[in-house]
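Fold and geometry: a report
Here are the chains, one letter per residue:
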Amino acid sequence: MENFYTITENRVLLAAIIAWFVSQGIKFFTCLIKTRKIRMDRIMGSGGMPSSHTASVMAATFSVGELLGYNDPVFGGLMIISFIVMYDAAGVRMAAGKQAKAINNIVEALGSYRLKIDGQLKELLGHTYMEVLVGAALGIVIALLIN
């Protein structure tokens, strides 16, 4: 049990978790304000403003920068991983979401009698560049506040 309490003192982990919760909370409440409906999928769901993946990874990266220094090789390695996550969020997953939307449209146009798919494919997978940028800024701010 003692080891568990030391985990809670890890500022890098804490910053990443807080960044994730804040960004998912922002998604949930902006959706609530826009649609006036509670959508539980926005609490855990991917896609939307801001990118929680980006916020989390940037919070962890900049927390390491604050703790070890921005010239430390660990910060550099984490920065590369952060860039990969951001590229994936805005590039690969966004393209997958567009493909899912196209497939859903094809299935709808053909009708269920010609093509059997259980439910619709998830379309909100990736992020726009702005959503990734805001997620990165949010993560950096949270890291600087935590440390």
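Preceding this section is the structure that the text describes.
Only a predicted model underlies this, so the values are computations on that prediction, with no experimental measurement involved.

So, about the overall build of the protein chain. Within the protein chain, the regular secondary structure consists of 6 helices and 0 strands. Mapped in sequence order, the helices and strands of the protein chain form the string α-α-α-α-α-α. Looking at the protein chain as a whole, 35% of its 147 residues qualify as buried. Expressed as a percentage of contacts within the protein chain between residues at least 6 apart in sequence, the contacts between residues at least 24 apart total 69%.

Moving on, we get to helix H6 (residues 129-146). The terminal C-alpha atoms of H6, which comprises 18 residues, lie 26 Å apart, in line with the 26 Å expected from a rise of 1.5 Å per residue. Within the sequence span of H6, burial applies to Glu 131, Val 132, Gly 135, Ala 136, Leu 138, Gly 139, Ile 142 and Ala 143. Mapping the buried residues of H6 onto a view down its axis gives an arc of 165°, with all of them on the same face. Among the exposed residues of H6, those oriented more than 90 degrees off its buried face are Tyr 129, Leu 133 and Leu 145.

Before going further, it helps to examine the nonpolar core. Soluble globular proteins: nonpolar side chains tend toward being buried together. Counting residues in hydrophobic clusters, the biggest one holds 15 residues, and the most contacted among them are Met 58, Phe 62, Phe 75, Met 79, Met 86 and Val 132. Put simply, the parts of the chain that give this core at least two residues each are helix H2 (11-35), helix H4 (52-68), helix H5 (73-110) and H6. The contact partners of Met 86, leaving out residues within four places of it in the chain, are Thr 54, Met 58, Val 132 and Ala 136. Counting 6 residues, the second largest nonpolar core, distinct from the first, contains Ala 15, Ala 59, Leu 138 and Ile 142.

Take a nonpolar patch on the surface next. On the surface, Ile 7, Leu 13, Ile 17 and Phe 21 cluster together to form a nonpolar patch covering roughly 370 Å² of accessible area. Tallying contributions element by element places H2 first for the nonpolar patch, with 3 residues. You can see Leu 13 is positioned in helix H2.

Thresholds applied
- Residues numbered from 1 in each chain as written.
- Predicted model: local features only at pLDDT ≥ 70, side-chain atom pairs only at ≥ 80, totals over all residues.
- Heavy atoms only, no water.
- Helix = DSSP H or I, 4+ residues; strand = E, 2+ residues; numbered from the N terminus.
- Buried < 20%, exposed > 50% of the residue type's maximum accessible area, 1.4 Å probe, protein only.
- Contact = heavy atoms within 4.5 Å.
- Expected span 1.5 Å × (residues − 1).
- Arc of directions from axis to C-beta.
- Core = buried A, V, L, I, M, F, W, Y, C linked by side-chain atoms within 4.5 Å.
- Patch = residues over 30% accessible without salt bridge, like charges linked within 9 Å, V, L, I, M, F, W, Y side chains within 5 Å.
- Areas by Shrake-Rupley, 256 points an atom, 1.4 Å probe, with all protein chains shown as cover.
- Salt bridge = Lys/Arg side-chain N within 4 Å of Asp/Glu carboxyl O.

Such coordinate-based values are descriptive only and should not be taken to indicate function.
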